[in-house]
Amino acid sequence: MTTPAEPRTDVPTAAGAAVPEKPALEGLEDKWIARWKADDTYAFIRPASRAEVYSIDTPPPTVSGSLHVGHVFSYTHTDLIARFQRMRGKHVFYPIGWDDNGLPTERRVQNFYGVRCDPTVPYDPDFTPPEKPDPKHELRISRPNFVELCHQLTHVDEKAFEDLWRRVGLSVNWSSLYTTISADSIMVAQKAFLRNVVREEAYLSEAPTLWDVTFQTAVAQAELDARDYPGAYHRVAFHAAGGPVFIETTRPELIAACVALIAHPDDERYRSLFGSTVTSPLYGVELPVLAHPAAEPDKGTGIAMCCTFGDLTDVTWWRELQLPARVIIGRDGRIMRDRPEWIADDATWQVIAGKTIVSARELVVAGLRASGDLDGEPTPTLRKANFYEKGDKPLEIVSTRQWYIRNGGRDEDLKRVMLERGADLEWIPPHMRYRYDNWVGGLNGDWLISRQRFFGVPFPVWYSLDADAEPDYDHPILASEDRLPVDPSSDVPAGFSESQRGKPGGFVADPDVMDTWATSSLTPQIACGWERDPELFDVTFPMDLNTHAHEIIRTWLFSRVVRAHFENHSVPWLRCMISGFVMDPDRKKMSKSRGNTVVPTDVLERYGSDAVRWRAAKIRPGLDSPFDQAEMKVGRRLALKVLNASKFVLGAGALSDPAAITEPADLSLLAQLTASISEATRSFEAYDYTSALESTEQFFWQFCDDYLELVKERAYGPAEDSGAASARATLTLTLDIVLRLFAPIMPYVTEEVWSWWKAGSIHQARWPVPDEVVVREDPELLSDVSAALIQIRGAKTQARVSMKTEISLAKFYGTAWALAHLQAVAPDLRAVGRITGDVIWVETDGPIAVDVTLASPT
């Protein structure tokens, strides 16, 4: 096994500094992207032990989607940590993947090629998509043909994403790239699922299911988006022996699906009705009146219909009160055409049979009005309705057979364990754990992982057919692990032949695919080589860091905790660093639907990658931040200053001799540099990259604005002059360290300057440590000098003269300690201030002050 050398304490100086005459930021990205790729700068080389590795789990972006600057900032936050850990000597395992299956990809393929998947259409090996797609007349093609198009288009999208992330400067291990629909990923997903089934952690169940009628697929709780939806309250009379019982509902079309009226057990208005029955209007179905504590006495009339199913409360009542299922809405979002057995009057049923939800509602209201069972007119309202996060119509609840994975939603003991798993993690920032706890604590059902789509990981399951060709769902046929990956739609279960597919006594494939989160929930296992590369898995899992924005704590984060708990009996990582949102200037979340996103390529090209990364680093973990392009100019200015200051330093002559540093001002600078190293290191170790940047940037600007000005005359002195040697050695050491402190944040400009005078990559150099600097001076010395320089410059500015104007008399006021500092650097002070005349020192108890007399112009 190959083990890389320890990070270098002193990278050898190249033979002469090759400093460009006019350094520029333009072109740095293209130059260093190519070099890093050719040199495989960020390759992961396996070490001998887990302790030497730092492994990172990053969210595989959906390649069929679009990225905005918020994504760039979040991924940059991860890269800041990766680069810091690499410079600390860790072997950084930093894979990236593409999430290329699921509904977003299918929609993009449909729109791009003008096709629609139809599993009943046979495969055409010679199929080519239409040259001019017509979205109004989509061509129906077979599932294999459709999947082929999905692969083709995602390959194009993946290249665009890779180009973007390389330009951002992500130091990922590109050789470890994975996709969620590759053969390896399918095998991992299918194997983990099969083991879940064997251990009874996954199960098949016929149950009420949230259903999107547009996309024709089941939807999990984590994918819900509660939105205001216009509706109306209808006051409707049910018939009881003592007179009408009024309910108020926004879903009158579900009266035919009503199974009970429910009121709170303490509601005196309805206590006498508990245990009795009422009959429904229009349909005359006898219904029980029952009590349940979830009923809300102050909502509407205080008594409500329980229908199967209007909302999730109906599901709760239906399950807990053991009510019958009377489902009238089909998967197509229409009222079922065949009259159900509990409806006696076929003519009444036929009024709504086969109608859409909206049409059925209008017809039922007309019927209630005609029968006198509608009390008054409907009252408009906005009601909260559940939507699929990608859909535009309210979800319905239909009864379907789906696969589920247990997650604690229906098992309090398991829920408690999942909360304990959350407590096992380090959260950055700590309050993000509450989002996890709130989500897990509020779960009310297991994780539905079936999707009625086409481009995804197929369930490795078949069902035997009886003599009437009816599937035996109670005894699914599971694929053996040694056959994985399998596609049941084309592969045959053991003991059967293809000729028996769909025939009595034969078999049928499970038609569904796994939810994309069911695959993404296994990214640690996929990336770390679970059951495929045991050596890699041992040195990378559990991973050290999980990073992403806070909106997917409930989906991606929690689902990975569930899968690792079941399969590995551990958490999947040690800590979670959670990003906030990047908002628009009005502090609204950036989203494609709002039209307020900023295209990252535009910003990267205009300001440069280092400026964008600098802006990203200004946002602490967990905090939302408004985006203002003007701030990018500040980051670009910093990058330019690094180039120009480096040119000045190296132009004075690089001198790698710390022993030559003897002057008080130089030693004071190094004392400040030592403090900056310690602060940046402590901050990065605490995952506070923002504070690391702030301390480094503050030091750098003082270095440029004060120290460089103070010593530039001395630095260009004769080579044999000890003062000049001290300045050049200080400049050389400071530049070396400052570049390394900036390297995780601004990789391009630091690599460029490093290449002018050093061998190798700065990103393989060692992170600076205080021991590299010998401290023998008070760091406050240079601070006092800075205070004096500010006043000297201020006097010249106020007089509206050039900074080169000479001073004939300078009076310095301050404490004895401060004046001693200034006197120690008097020659430098005279040079930078152009003080040609007398200097007077006046001891006071106040802060440093300077009075100057400007020389008369000659």
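**Side note on the confidence of the model for the chain**
At step 1: Model confidence for the chain is summarised by a mean pLDDT of 90, while 96% of its residues fall at 70 or above.
At step 2: Here residues 1–15 is modelled with pLDDT under 50, and outside its nearest four sequence neighbours on either side it reaches 32 contacts, counting other chains as well.

**Focus: the sheet that holds strand β28 (residues 807–814)**
At step 1: Taken together, the three strands give an open sheet; going across it, the order is β29-β28-β30, and neighbouring strands pair in mixed fashion. Each edge of the open sheet carries a strand with a single partner, namely β29 (835–843) and β30 (849–854). Ignoring which end each strand starts from, the neighbouring axes of this sheet average 15° apart.
At step 2: Relative to β30, β28 is paired through six bridges, and the arrangement is antiparallel. Bridge pairing in β30 places I807 opposite L854.
At step 3: Docked against the sheet, helix α22 (residues 780–798) engages β28, β29 and β30, running at close to 35° with respect to β30.

**A word on the sheet that holds strand β16 (residues 396–405)**
Two pairing modes exist for strands in a sheet, parallel and antiparallel, and in both the strands are linked by backbone hydrogen bonds.
At step 1: Strand order in the open sheet made by the four strands is β8-β7-β16-β18, with antiparallel pairing throughout. Two strands close off the open sheet at either side, each with one partner strand: β8 (217–218) and β18 (447–448).
At step 2: Two elements, strand β7 (residues 202–212) and β8, share two bridges in a ladder whose sense is antiparallel. Bridged to D212 within β8 is T217.

**A few points about the packing of aromatic side chains**
At step 1: A full pass over the atoms with the stated rule returns 29 aromatic pairs.
At step 2: An angle of 10° between the planes, with centres 6.3 Å apart, marks the rings of F699 and F703 as stacked. Pair noted here: F699 and F703 are both in helix α19 (residues 689–715), with a separation of four residues, about one helical turn.
At step 3: Looking at F703, the relative accessible area reads 3%, which means it is buried.
At step 4: Following the ring pairs from residue to residue traces out a cluster consisting of W36, Y42 and Y748.
At step 5: Of note, R401 hangs over the ring of Y473, and the distance from its end group to the ring centre comes to 3.7 Å.

**Section: α19**
Note on helix geometry: an α-helix contains 3.6 residues per turn, so any two residues three or four positions apart are oriented the same way.
At step 1: Its 27 residues place the ends of α19 only 33 Å apart at the C-alpha level, less than the 39 Å of an ideal helix rising 1.5 Å per residue.
At step 2: Roughly 50° is the biggest bend found in α19, and it falls at L708.
At step 3: The element α19 is largely enclosed, with a buried count of 20 among its 27 residues.

**Comments concerning the nonpolar core**
At step 1: Counting residues in each nonpolar core, the largest one holds 120 residues, and the members touching the most others are F73, W165, L673, F700, F703, V785 and F812.
At step 2: Take this core: its biggest share by element is 13 residues, from α19.
At step 3: For F73, the residues in contact, after removing those within four places along its chain, are V582, V612, R615, A616, I619, F627 and M632.

**Brief notes about the environment of I449**
At step 1: Within the element layout of this structure, I449 appears in the loop between β18 and β19 (450–451).
At step 2: Residues within four places of I449 in sequence aside, it is in contact with F193, W403, Y404, I405, F459, V513, M514, D515 and A518.

Each value, and the rule that gives it
- Residues numbered from 1 in each chain as written.
- Predicted model: local features only at pLDDT ≥ 70, side-chain atom pairs only at ≥ 80, totals over all residues.
- Heavy atoms only, no water.
- pLDDT = per-residue confidence, 0-100.
- Contact = heavy atoms within 4.5 Å.
- Pairing = 2+ DSSP bridges.
- Helix = DSSP H or I, 4+ residues; strand = E, 2+ residues; numbered from the N terminus.
- Axes fitted to C-alpha atoms, helices over the stretch in contact; angles between N-to-C directions.
- Phe/Tyr/Trp six-rings, centres within 6.5 Å; stacked < 30°, edge-to-face > 60°.
- Buried < 20%, exposed > 50% of the residue type's maximum accessible area, 1.4 Å probe, protein only.
- Lys NZ or Arg CZ within 6 Å of the ring centre and 35° of its normal.
- Expected span 1.5 Å × (residues − 1).
- Bend = angle between axes of the 7 residues up to and from the residue.
- Core = buried A, V, L, I, M, F, W, Y, C linked by side-chain atoms within 4.5 Å.

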